[in-house]
Amino acid sequence: TPRIFSGIQPSGGLTLGNYLGALKRFVEKQDEGIETIYCLVDMHAITVWQSPADLRRQTREGAAAFIAAGIDPKRSILFNQSQVSAHAELGWIFNCVARMGWMGRMTQWKDKAGKNSENASLGLFAYPALMAADILAYKATHVPVGEDQKQHLELTRDIAAKFNNDYGVNFFPITEPVIEGAATRVMSLRDGSKKMSKSDPSDQSRINLTDDADAIAAKIRKAKTDPEPLPDTLDGLKDRPEARNLVNIYAALAGLTPAAVVAEHAGAQFGTFKPRLAELAVSVLSPITTEMNRLMADPAEIDRILGEGSARAEAIARPILDEVYDIVGMVRSR
Ligand code: TYM
């Protein structure tokens, strides 16, 4: 039977990219009745510096975003990573399965460590092994993510296969990435060649889930575009990354295909299309923002939900970890 796991880093406020590429699809999976486990990966977040106050706030805000977007903490398991020690434990074992060379080839490592990798944390280098542990501690079969996580999920498959092979077992599943929909890679509003990211220094480059209606409309109005009107087929968007991005965002928000959006708005100038997009974005995001703010007024309730989710997560992961220790040959005598 399928089991879904996915995670989001509480390393900043969530963006429209996180919403369309991940959160919205997490809710769809839950609503299809699949077993769904969703995690705020606070241990991944500290691979780059987070002040304790920011980490706490971002973790609670992330949880509020999940719930506001439609995650029901009764139907899904919603928790934060550090409350379930199986992640750290299996992460260590996978540090000993994964190879330095595999890690060194990760594009996220190369991007984030940059030229000064001597000064990056060891945790940033090991990041994908902990991510594999997140998934495999539950023997999850499917992992919905945005396009940027594809390479990490391939590595998860490599780790599972090497563990199975090294120990001569058929224990871990070979997980399927689920990268689907019109918005698997939402791009920056300022530069169609960069992905929309919570860490971009320019706030104009992204829509935050905490932005109000005016801010959303202003950012879309100022979004970079080209002077051509919208074409009547998707072909006409080739080599027009900014235009293509706005069409993809519209499609994902409206639940349409990009081809249908282009057909509907064929010949429209961006002066007309952008206000329509802004209106759509506000109509989808405003209720989520309002609900997030309501939830954030009661952090103790959020903490209670995360605690309950953590206990349910632990109940699934612990027996799997017990088997892993046995397979690896660690003496367990109490
Ligand atoms: P993170 O926190 O960077 O992003 C969370 C999710 O949002 C997706 N995403 C996007 N999708 C479309 N367009 C964008 N511009 C965009 N930006 C982000 C990401 O692909 C992701 O699905 N390593 C992960 C967190 C993680 C994880 C896991 C995910 C840790 N353990 C286990 C799945 C399974 C990350 O940094 O996501």
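Computed from a prediction, not measured in an experiment: that's the story for all the values here.

Visitor: Sorry, what's going on with the packing of helix α9 (residues 213-221) against helix α12 (residues 270-296) here?
Guide: Each pair of packed helices gets described by two things: the angle between the helix axes and the distance between those axes. At a minimum axis distance of 9 Å, the contact between α9 and α12 shows a crossing angle of 150 degrees. The handedness of the crossing between α9 and α12 comes out as right-handed. Contacts from Ala213, Ile216, Ala217, Ile220 and Arg221 of α9 reach α12 at Lys274, Leu277, Ala278, Ala281, Val282, Leu285 and Ser286.

Visitor: How do you make sense of the site of the ligand when you look at a structure like this?
Guide: The environment of the ligand is formed by 26 residues, the closest being Tyr127, Asp134, Gly146, Asp148 and Val186. Within the side chain of Asp148, one N or O atom sits 2.4 Å away from an oxygen atom of the ligand. In the complex, the protein chains occlude 97% of the 710 Å² of accessible area that the ligand would expose alone. A per-class count over the shell around the ligand returns twelve nonpolar, ten polar and four charged.

Visitor: Could you clarify how one ought to interpret the side chain of Ser6 in this entry?
Guide: If you trace the backbone, Ser6 turns up in strand β1 (residues 3-8). Of the residues examined, Ser6 reaches a relative accessible area of 1% and is grouped as buried. Separated by 2.7 Å, the side chain of Ser6 and the backbone oxygen of Pro144 make a polar contact.

Visitor: What exactly am I supposed to notice about unusual backbone geometry here?
Guide: Apart from glycine, the bulk of residues carry a negative phi angle, and the bulk of peptide bonds sit in the trans form. A positive phi is found at Lys139, a non-glycine position, where the angle reads about 50 degrees. As for its position among the elements, Lys139 is in the loop between α7 (122-136) and β4 (142-144). Positive phi outside glycine occurs at Asp239, with the angle close to 65 degrees. According to the relative accessible area criterion, Asp239 is exposed, its value standing at 77%.

Visitor: Teacher, can you tell me more about the domain arrangement of the protein chain here?
Guide: Quite often, the size of an interface is put as the accessible area lost when its parts meet. Per the domain assignment, the segments of the protein chain are domain 1 (3-179 + 299-328) and domain 2 (203-294). The gap between the C-alpha centroids of domain 1 and domain 2 is 30 Å. Taken together, the contact between domain 1 and domain 2 spans twelve residues of the former and 13 residues of the latter. Interface area for domain 1 against domain 2, summed over the two sides, is near 1,100 Å², with a carbon-plus-sulfur share of 80%. Of all residues in domain 1, Leu16, Tyr19 and Ala68 bury the most surface against domain 2, accounting for 44% of the area lost on that side. For the pair domain 1 and domain 2, the interface holds zero salt bridges. Across the domain 1-domain 2 interface, the total number found is three residue pairs in polar contact (both at pLDDT 80 or more). For the side of domain 1 that touches domain 2, the secondary structure elements donating two or more residues are α1 (16-31) and α3 (52-69). Looking at the side of domain 1 that touches domain 2 residue by residue, the classes come out as nine nonpolar, one polar and two charged.

Parameters at a glance
- Residues numbered from 1 in each chain as written.
- Predicted model: local features only at pLDDT ≥ 70, side-chain atom pairs only at ≥ 80, totals over all residues.
- Heavy atoms only, no water.
- Axes fitted to C-alpha atoms, helices over the stretch in contact; angles between N-to-C directions.
- Helix = DSSP H or I, 4+ residues; strand = E, 2+ residues; numbered from the N terminus.
- Left-handed = near helix turned anticlockwise from the far one by under 90°.
- Contact = heavy atoms within 4.5 Å.
- Near = heavy atom within 4 Å.
- Polar contact = N/O pair within 3.5 Å; in protein donor to acceptor, adjacent residues only side chain to side chain.
- Areas by Shrake-Rupley, 256 points an atom, 1.4 Å probe, with all protein chains shown as cover.
- Nonpolar A, V, L, I, M, F, W, Y, C, P; charged D, E, K, R; others polar.
- Buried < 20%, exposed > 50% of the residue type's maximum accessible area, 1.4 Å probe, protein only.
- Domains from an automatic or database assignment.
- Buried area = accessible area lost by both parts, 1.4 Å probe.
- Salt bridge = Lys/Arg side-chain N within 4 Å of Asp/Glu carboxyl O.

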